[in-house]
Amino acid sequence: MEEPLPRGGMIRKLWISESDLYRDHLLRLDPESRRSRFSGGVSEQFLRDYAELAFGIDSIIHGFFVDGTLRGAAELRTISAAVKREGEAAFSIEKPWQSHGVGSMLLERTLLAARNRGLKFLHMICLAENQRMQQLARKYDAELSFDFGSVVGEVTAPRPTLISLMREIVADGHGFATAMFDVQARLLAG
Ligand SMILES: CC(C)(COP(=O)(O)OP(=O)(O)OC[C@H]1O[C@@H](n2cnc3c(N)ncnc32)[C@H](O)[C@@H]1OP(=O)(O)O)[C@@H](O)C(=O)NCCC(=O)NCCS
């Protein structure tokens with residue numbers, strides 16, 4: 001269900017060395033989007049610290065770039081080593097690029113990465129009144145139930161398939177061997 005991105009836009013994974021880009025993107029969010037993203041008001045210092053810590057070993061961040069500037073991001077992380085098949089996803093898109101299908105594209109890429117890592121449940125932390133995020137989640141492979149303002153989506157095809165692995169590799173533009181090694185290492189670790 002791929003939709004065209006806004007003109008000049010592209011999506012790719014962020015590198016661990018790109019936490020500055022992520023920080024600057026989070027700092028550019030307008031107050032309402034910032035509140036929606038973090039389920040409440042947070043300070044600039046919080047965002048600076050958050051961006052630095054966001055690139056953990058269990059996290060994958062897809063970025064939406066326009067002319068080289070990060071304008072949107074989707075974080076995927078495994079919740080804890082004890083709950084291997086559960087992940088958490090969160091999205092942030094700067095205001096001028098909202099409602100242009102970017103969230104949908106980022107969610108597609110996030111679901112693909114989740115499936116390829118054997119994740120079965122995705123928690124999408126959002127405020128109960130965040131209709132747009134819930135509408136977005138409903139569109140995709142997830143069956144959803146609502147609980148205390150957060151959306152829990154079940155990834156319907158928890159096993160990675162060769163096609164889903166290939167789609168992610170092609171989307172990343174990685175060498176096949178490197179990408180397969182990465183995926184296998186993650187699966188073995190799981
Ligand atoms: C929530 C968010 C990620 C959605 O991304 P987006 O690019 O704006 O969404 P899309 O354009 O892909 O639209 C997704 C769906 O939401 C619906 N939608 C779009 N704009 C909407 C609006 N203003 N109000 C209600 N629903 C809306 C659309 O119906 C669309 O579904 P459709 O394609 O079936 O019509 C983005 O708006 C955002 O970053 N908001 C601020 C932070 C946030 O709320 N994060 C979520 C919590 S982690």
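About the cut-offs
Along each chain, numbering runs from 1 in the same order as the chain's sequence is written. Per-residue local features of the predicted model are confined to residues with pLDDT of at least 70, and side-chain atom pairs are confined, for both listing and counting, to 80 or more; whole-chain, interface and lining totals are unaffected and use all residues. In computing side-chain values, all of the structure's heavy atoms are included and hydrogens and water are not. Segments assigned H or I by DSSP are reported as helices when at least four residues long, segments assigned E as strands when at least two residues long, and all are numbered from the N terminus. Each residue is placed in one exposure class: buried if its accessible area under a 1.4 Å probe, protein chains only, is under 20% of its type's maximum, exposed if it is over 50%, and partly exposed if it falls in between. Exposure was quantified through the Shrake-Rupley algorithm and a 1.4 Å probe, taking into account, for residues, occlusion by the shown protein chains and nothing else. Consider each residue's heavy atoms; a residue with any of them within 4 Å of a molecule or strand counts as near. Nitrogen and oxygen atoms within 3.5 Å of one another constitute a polar contact, given that in protein one can donate a hydrogen and the other can accept it, and given that sequence-neighbouring residues count only through two side-chain atoms. Gly falls in the polar group here, along with every residue not listed as nonpolar (Ala, Val, Leu, Ile, Met, Phe, Trp, Tyr, Cys, Pro) or charged (Asp, Glu, Lys, Arg). Directions pointing from the helix axis toward each C-beta atom define the arc. Structural elements are reduced to axes, namely lines fitted to C-alpha atoms, with helices fitted over the stretch in contact, and the angle between N-to-C directions of any two is expressed from 0 to 180 degrees. The scheme is simple: roughly parallel for angles under 35 degrees, roughly antiparallel for over 145, roughly perpendicular for 65 to 115, oblique for anything else. Should the near helix be turned anticlockwise from the far one by less than a right angle, the crossing is termed left-handed; should it be turned clockwise, right-handed. The contact criterion used is simple: two residues touch if any of their non-hydrogen atoms lie within 4.5 Å. In summary, the pairing rule links any two rings of Phe, Tyr or Trp, Trp by its six-membered ring, whose centres are within 6.5 Å, and it sorts them by plane angle into stacked for under 30 degrees, edge-to-face for over 60 and tilted for everything else. What counts as a salt bridge is simple: a side-chain nitrogen of Lys or Arg found within 4 Å of a carboxyl oxygen of Asp or Glu.

Q: Explain the overall build of the protein here, please?
A: In terms of helices and strands, the protein carries 7 helices and 7 strands. Beginning at the N terminus, the succession of helices and strands in the protein can be written as β-α-α-α-β-β-β-α-β-α-β-β-α-α. When each of the 190 residues of the protein is scored for burial, the buried share is 47%. Roughly 10,000 Å² of accessible area belongs to the protein as shown, and the carbon and sulfur atoms make up 57% of that amount.

Q: Looking at this structure, how should I read the site of the ligand?
A: Near the ligand, the surroundings consist of 22 residues, among which I93, S99, G101, G103 and S104 are the closest. Residue H100 places a main-chain N or O atom 3.2 Å away from an oxygen atom belonging to the ligand. At 2.5 Å, a side-chain N or O of S104 approaches an oxygen atom of the ligand. Contact with the protein chains removes 76% of the 930 Å² of surface that the ligand exposes when unbound. Contributions of two or more residues to the shell around the ligand are made by helix 2 (31-38), strand 4 (83-93), helix 4 (102-116) and helix 5 (131-139). Sorting elements by how many residues they give to the shell around the ligand places helix 5 first, with 5 residues. Looking at the shell around the ligand, its residues break down into 8 nonpolar, 11 polar and 3 charged.

Q: Sorry if this is basic, but what is going on with helix 2 here?
A: One full turn of an α-helix is made of 3.6 residues, so residues set three or four places apart face in the same direction. Along helix 2, the positions that sit buried rather than exposed are S33, R34, R37 and F38. Down the axis, helix 2 shows its buried residues gathered within 115° of arc, on one side only. Two residues or fewer after helix 2 comes S39, characterised by a positive phi angle close to 50°.

Q: Just to check I follow, could you spell out the packing of helix 2 against helix 3 (residues 44-53) for this structure?
A: Geometry of a packed helix pair, given as the angle between the helix axes and the separation of the axes. Two elements in contact, helix 2 and helix 3, have axes whose closest approach is 13 Å; the angle formed by their N-to-C orientations is 50°. Put simply, helix 2 runs oblique to helix 3. The crossing of helix 2 and helix 3 is left-handed. Taking contact as the criterion, the partners of R34, R37 and F38 in helix 2 are, on helix 3, E44, F46, L47 and Y50. Tallied by class, residues from the contact of helix 2 with helix 3 come to 4 nonpolar, no polar and 3 charged.

Q: What is the right way to look at the side chain of R109 in this model?
A: With respect to the helices and strands, R109 occurs in helix 4. Its relative accessible area of 11% is what places R109 among the buried residues. Each residue touching R109, except ones within four places of it in the same chain, is listed here: I11, R12, H62, A171 and D172.

Q: What is the right way to read the packing of aromatic side chains from this model?
A: For any pair of aromatic rings, the description consists of the separation of the ring centres together with the inter-plane angle of the planes. The full count for this structure, using the stated rule, is 4 aromatic pairs. A centroid spacing of 6.0 Å and a plane angle of 20° characterise the contact between F46 and Y50, whose relative ring orientation is stacked. Residue F46 and its partner Y50 are located together in helix 3, separated by 4 residues, close to a single helical turn. Aromatic ring contacts, followed pair by pair, group F38, F46 and Y50 into a single cluster.

Q: I'm lost on unusual backbone geometry in this one. Help?
A: Generally, phi is negative for residues other than glycine and the peptide bonds are trans, each holding for most cases. Despite not being glycine, S39 has its phi angle at roughly 50°, a positive value. One can find S39 in the loop between helix 2 and helix 3. Located in the positive-phi region is S99, a residue other than glycine, with phi close to 65°. Mapped onto the elements of the fold, S99 is located in the loop between strand 4 and helix 4.

Q: Explain the pattern of salt bridges here, please?
A: Charged atoms that come close allow side chains of opposite charge to pair. With the rule as written, the count across this model stands at 10 salt bridges. R23 is the salt-bridge partner of D24, the closest N and O atoms lying 3.0 Å from each other. Looking at D24, the relative accessible area reads 30%, which means it is partly exposed. The partly exposed category is assigned to R23, whose relative accessible area is 25%. Taking the shortest distance from any N to any O, the salt bridge between E129 and R35 comes out at 3.4 Å.

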